[in-house]
Amino acid sequence: MNLDNTHTSNFLSSVGCEKPIIQAPMAGVQDSRLAIAVCNAGGLGSLPCAMLSLEQIENEITNIRTHTQQPFNVNFFAHHLVNYTPEMEKEWYNILKPYYKKFGLTERDISNTGGRQPFNQETADLISDLKVPVVSFHFGLPNDNLLEKIKNSGAKIISSATTIAEAKWLQSKGIDAIIAQGLEAGGHRGMFLNSDVTAQLGTFSLLPNLVNTIDLPIIAAGGICNDVTANCAFALGADAIQVGTAFLLAHEANTTDRHKQALQEESANDTLLTNIFSGGIARGIRNQLIGDLGIHTSAPPFPYASFVTDPLKKKAEQEGNFEFSSMWAGQNACLTNTGSATEIIDMILPPSCIGS
Ligand SMILES: Cc1cc2nc3c(=O)[nH]c(=O)nc-3n(C[C@H](O)[C@H](O)[C@H](O)COP(=O)(O)O)c2cc1C
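In this report, the structure presented in the accompanying data block is examined. (Residues numbered from 1 in each chain as written. Predicted model: local features only at pLDDT ≥ 70, side-chain atom pairs only at ≥ 80, totals over all residues. Heavy atoms only, no water.)

**Remarks on the site of the ligand**
In the vicinity of the ligand there are 19 residues, among which Pro25, Asn75, Gly223, Gly244 and Thr245 approach most closely. Within the side chain of asparagine 75, a nitrogen or oxygen atom sits 2.8 Å from a nitrogen atom of the ligand. A distance of 2.8 Å is found between an oxygen atom of the ligand and a backbone nitrogen or oxygen belonging to glycine 244. Across the complex, the protein chains shield 98% of the 600 Å² of accessible surface that the ligand would expose by itself. (Near = heavy atom within 4 Å. Polar contact = N/O pair within 3.5 Å; in protein donor to acceptor, adjacent residues only side chain to side chain. Areas by Shrake-Rupley, 256 points an atom, 1.4 Å probe, with all protein chains shown as cover.)

Right, here's the structure in full:
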């Protein structure tokens, strides 16, 4: 256990990163701009690729390399698609129908694209050719062949565990470090072996358990937003921290004005878990749709629930109504501050805390 107040990360030092902090990849609210700013401030900047085309991924990586010499991380979703039937869609539509009516939408407005694609062969080929320093996955790992391809390209591989069993499974796949994603975390839970939310652990329990049972560097994620919470994570044995919500108010993030406002009001104290936007369990700020439906048994599996929810969200937003939008945030959202990425990193890891 590290009770010293200076911190270094074995994992991040091995990739040439100066500070023991990873900026969490956050699909939908950031692009290469935030990643570059974090890299240039000494942290590991991340590019969320789950919602990007191959061309966009390549352009974004080129942009990162043009603006920083520092190592960076690219992030993908590694879910395995399950069967999605018209019956599932109909059942979900029937739940959302009253809201569809309110906005003048009909069943014909349901989309059949836009779901997040899992990491596949074409993406693996591209990423392996581009030889990136770090690749992180959410929702487990891609199949062994794809994983091998990325390992052989020289990239270090990390992935999120939300339980001890998931961490043991990830370790058995020979990856380089494990992100302990506690229940406080904003955005999608990376859970992939068990769908029982009641079995999920908070950072304060998951982290020391993984430090005790896993023989890999453990990166703490969930609820870390300032120097006090960062010091707790290091005291519990974290090799590094991965921070998402605290970067939502960064000048270099693309967080919408409404989302930023919600993060700075009383509403930031009220986050909850829901599966209604994608089918996957995620934490966001309460609004009408989350409050009404919470975790709903009729929501189709990840990522298909979005086919019915997305058109509603888009139409409502066009009318300036964000009660049907996801505004992902973690349980410590109320402790976030505005600033540049550099200022936010200095708040979380004051220069006196960085070991050499
Ligand atoms: C707005 C938002 C979007 C996120 N999107 C992703 C993503 O695309 N990929 C991923 O691996 N994790 C994603 N996450 C989860 C983070 O990796 C991380 O687990 C979480 O931010 C840590 O908790 P914190 O938000 O309390 O710092 C997201 C989190 C937020 C807040």
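Don't stop here, the text continues.
**As for the layout of surface pockets**
Here the second largest pocket is characterised by a volume of approximately 580 Å³. Taken together, 25 residues line the second largest pocket, and the ones lying closest to its centre are Met191, Ser195, Gly279, Gly280 and Phe302. Of the residues belonging to the lining of the second largest pocket, the class tally is 14 nonpolar, ten polar and one charged. (1 Å grid on protein atoms, 1.4 Å probe; cavity = no way out; pocket = protein on both sides within 12 Å on 5 of 7 lines; lining within 4 Å. Points joined across faces, edges and corners; volume = space filled by probe spheres on them. Nonpolar A, V, L, I, M, F, W, Y, C, P; charged D, E, K, R; others polar.)

**A closer look at unusual backbone geometry**
Here the residue pair phenylalanine 302 and proline 303 is connected by a cis peptide bond, since its omega of 5° sits within 30 degrees of zero. Within the secondary structure layout, proline 303 lies in the loop between α11 (288-293) and α12 (305-318). One non-glycine residue, lysine 131, lies in positive phi territory at about 50°. Looking at where lysine 131 falls in the secondary structure, it is placed in the loop between α5 (121-130) and β4 (134-138). (Helix = DSSP H or I, 4+ residues; strand = E, 2+ residues; numbered from the N terminus.)

**With respect to the sheet that holds strand β3 (residues 72-77)**
Strands belonging to one sheet form pairs held by backbone hydrogen bonds; the direction of such a pair is parallel or antiparallel. Spatial ordering of the open sheet is given by β1-β9-β8-β6-β5-β4-β3-β2, a layout of eight strands whose pairing is parallel. In this open sheet, the two edge strands, each paired with only one partner strand, are β1 (21-23) and β2 (45-48). Within this sheet the neighbouring strands show an average axis-to-axis angle of 25°, counted without direction. Relative to the sheet, helix α2 (residues 32-40) contacts β1, β2 and β3, its axis offset from that of β2 by approximately 165°. Along the sheet, helix α7 (residues 164-172) makes contact with β5 (156-161) and β6 (177-181), crossing β5 at roughly 160°. (Pairing = 2+ DSSP bridges. Axes fitted to C-alpha atoms, helices over the stretch in contact; angles between N-to-C directions. Contact = heavy atoms within 4.5 Å.)

**Things to note about empty space enclosed by the protein**
Overall, the coordinates contain one cavity of 30 Å³ or more when judged by the stated rule. Reported here for the largest cavity is a volume of approximately 50 Å³. Lining of the largest cavity is provided by Cys225, Ala246, Leu335, Thr336, Asn337, Ile344, Met347 and Ile348. Across the lining of the largest cavity, the residue classes break down as six nonpolar, two polar and no charged.

**Section: the sheet that holds strand β11 (residues 282-285)**
In space, the three strands of this open sheet follow the order β7-β11-β10, with antiparallel pairing throughout. Among the strands making up the open sheet, the edge pair consists of β7 (187-188) and β10 (271-274). Two elements, β7 and β11, share two bridges in a ladder whose sense is antiparallel. The partner of histidine 188 across the bridge, within β11, is alanine 282.

**Some words on the nonpolar core**
Counting 74 residues, the largest nonpolar core has Val74, Ile127, Ile241 and Phe247 as its most contacted members. The element best represented in this core is α2, accounting for six residues. The contacts of valine 74, once residues within four sequence positions are left out, are Leu47, Cys49, Ile61, Ile127, Val132, Val134, Val135 and Ser136. Core analysis: the next-biggest nonpolar cluster, separate from the first, contains 25 residues, Tyr84, Leu105, Ile110 and Phe277 among them. (Core = buried A, V, L, I, M, F, W, Y, C linked by side-chain atoms within 4.5 Å. Buried < 20%, exposed > 50% of the residue type's maximum accessible area, 1.4 Å probe, protein only.)

Read these as geometric descriptors, not functional statements.
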